Amino acid sequence: MNNNNPLMTWSKSLLLLLTLFVMTACGDDDVPAFVFDRYGNCTATSVTPLSQKDFNLQVVGSGWKHLSTYEIDTNGNPTGKEYYEERIGVSPTDYYFESTTSLKAYLFADAIPASGYKTYSYRYNEEDNTLRSADSTKLLSLLQIVNLRGDLMKVLVYLGQRSVGGGTMRYVYGYSTYQRMTEKELTNCQETHPVNFDGE
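This structure is a prediction, so every number in the text was calculated from the model and none was measured. (Residues numbered from 1 in each chain as written. Predicted model: local features only at pLDDT ≥ 70, side-chain atom pairs only at ≥ 80, totals over all residues. Heavy atoms only, no water.)

*Asks:* Any chance you could break down the overall build of the protein for me, citing the residues and the numbers?
*Replies:* Along its length, the protein carries three helices and twelve strands. For the protein, buried positions account for 35% of its 200 residues. By element, 52% of the accessible surface of the protein is carried by carbon and sulfur atoms, the whole surface being about 12400 Å². (Helix = DSSP H or I, 4+ residues; strand = E, 2+ residues; numbered from the N terminus. Buried < 20%, exposed > 50% of the residue type's maximum accessible area, 1.4 Å probe, protein only. Areas by Shrake-Rupley, 256 points an atom, 1.4 Å probe, with all protein chains shown as cover.)

*Asks:* Which residues make up the side chain of Lys104, and what values go with them?
*Replies:* With respect to the element layout, Lys104 can be found in strand β6 (residues 102–109). Its relative accessible area of 16% is what places Lys104 among the buried residues. Reaching out from Lys104, the side chain makes a polar contact with the side chain of Thr119 at a distance of 3.4 Å. (Polar contact = N/O pair within 3.5 Å; in protein donor to acceptor, adjacent residues only side chain to side chain.)

*Asks:* An account of the packing of aromatic side chains is needed here, citing residue identities and associated values.
*Replies:* Taken as a whole and judged by the stated rule, the model has twelve aromatic pairs. Both rings, one in Tyr158 and one in Tyr171, keep their centres 6.0 Å apart while their planes meet at 70°; by these two values the pair is edge-to-face. You can see Tyr158 sitting in strand β10 (residues 152–165) and its partner Tyr171 sitting in strand β11 (residues 168–180), a full 13 residues away along the chain. Overall, the relative accessible area of 17% leaves Tyr158 in the buried class. Ring pairing ties together the aromatic residues Phe36, Tyr158, Tyr171 and Tyr173, which thus form one cluster. The residue whose ring lies beneath Arg87 is Tyr83, and the NZ or CZ to ring-centre distance is 3.9 Å. (Phe/Tyr/Trp six-rings, centres within 6.5 Å; stacked < 30°, edge-to-face > 60°. Lys NZ or Arg CZ within 6 Å of the ring centre and 35° of its normal.)

*Asks:* Tell me about the nonpolar core, and please be specific about residues and values.
*Replies:* Phe55, Val59, Phe97, Tyr122, Leu131 and Ile145 are the most contacted members of the largest nonpolar core, which has 21 residues in total. Elements with a minimum of two residues in this core: β5 (94–97), β6, β7 (114–125), β9 (142–149) and β10. The residues touching Phe55, leaving out its near neighbours within four places in the chain, are Leu50, Val60, Phe97, Tyr122, Tyr124, Leu131 and Ile145. Core analysis: the next-biggest nonpolar cluster, separate from the first, contains ten residues, Ile72, Leu143, Val146 and Tyr173 among them. (Core = buried A, V, L, I, M, F, W, Y, C linked by side-chain atoms within 4.5 Å. Contact = heavy atoms within 4.5 Å.)

*Asks:* Account for unusual backbone geometry, with residues named and values stated.
*Replies:* Here Ile112 and Pro113 are connected by a cis peptide whose omega angle stands at -20°. Here Pro113 lies in the loop between β6 and β7. Of note in the backbone geometry, Asn129 takes a positive phi value of approximately 60° without being a glycine. In this fold, Asn129 is placed in the loop between β7 and β8 (130–133).

*Asks:* Describe the side chain of Asp94, and please don't skip the residues or the numbers.
*Replies:* Relative to the elements of secondary structure, Asp94 occurs in strand β5. Despite its burial, Asp94 pairs with no opposite charge; the closest candidate is Lys65, at 8.5 Å N-O. Here the side chain of Asp94 touches His66 through a polar contact of 2.8 Å, landing on its backbone nitrogen. (Lys, Arg positive; Asp, Glu negative; His and termini not counted. Salt bridge = Lys/Arg side-chain N within 4 Å of Asp/Glu carboxyl O.)

*Asks:* Lay out the pattern of salt bridges in plain terms, naming residues and giving numbers.
*Replies:* Under the definition given, this model contains six salt bridges. Across the pair Lys65 and Glu185 runs a salt bridge whose closest N-O atoms are separated by 2.6 Å. Of this pair, Lys65 sits in strand β3 (residues 63–72) while Glu185 sits in helix α3 (residues 183–191); the two residues are 120 residues apart in sequence, bridging distant segments of the chain. When the shortest N-O distance is used, the salt bridge between Asp151 and Arg180 registers 2.7 Å. Of the two residues, Asp151 sits in the loop between β9 and β10 while Arg180 sits in strand β11, which places them 29 residues apart along the sequence. Here the salt bridges share partners, and the residues they tie into one network are Glu71, Arg162 and Arg170.

*Asks:* Please provide a residue-by-residue account of the confidence of the model for the protein, values included.
*Replies:* This prediction gives the protein a mean pLDDT of 87; 85% of its residues lie at or above 70. Residue range residues 6–28 is modelled with pLDDT below 50. Its contacts to residues more than four positions away, or to other chains, number two contacts. (pLDDT = per-residue confidence, 0-100.)

*Asks:* So, the pairing of strand β4 (residues 78–82): which residues are in play, and what are the values?
*Replies:* Bridge analysis of β3 against β4 gives two bridges, and the strand direction is antiparallel. Residue pairing across strands places Tyr70 opposite Glu82, the latter belonging to β4. Connecting β3 to the antiparallel partner β4 that follows it, the hairpin turn spans five residues, and Gly76 within it adopts a positive phi of roughly 90°. (Pairing = 2+ DSSP bridges.)

In structure tokens, the structure reads:
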């Protein structure tokens, strides 16, 4: 058998390229990079465009449960360790976008202790997929939708502040994955978080 057959060599090369293409296409999404401005505020370097219309259709009206969060290091890269894995007194937040201007955040408040919710008035900006609280007295931790694919939503979240020494603090951010809740899961989330933390 002639192993130097040009047609055979070409066929093997084509098969190898096709295999590599399929493996790449079927792999996990690329983890995005993030940047910090001079004030320590973080944004994603690139996001998958999500118009206001698509946001209204695909995000609004659904509950979103937390799956994972990875802290973003000072170089703008998500770390490989789950942020909440070994933390005491801190828990992730689930969300329900009840309208195009109002959302609820469901969480456990260790200081009380109690499970409840906060309601936020917000605005969505389709130019950069960002969310902003319409009330300057209430900080919305959910900051930017990086990617939305089916029932999975990847987002940039604000986690708090941390001392870096010398009386200086820096903002801490995370890269989180959320999954769309079923109607049953949303109902259960609402029933198990009955306390209104807004005090209304």
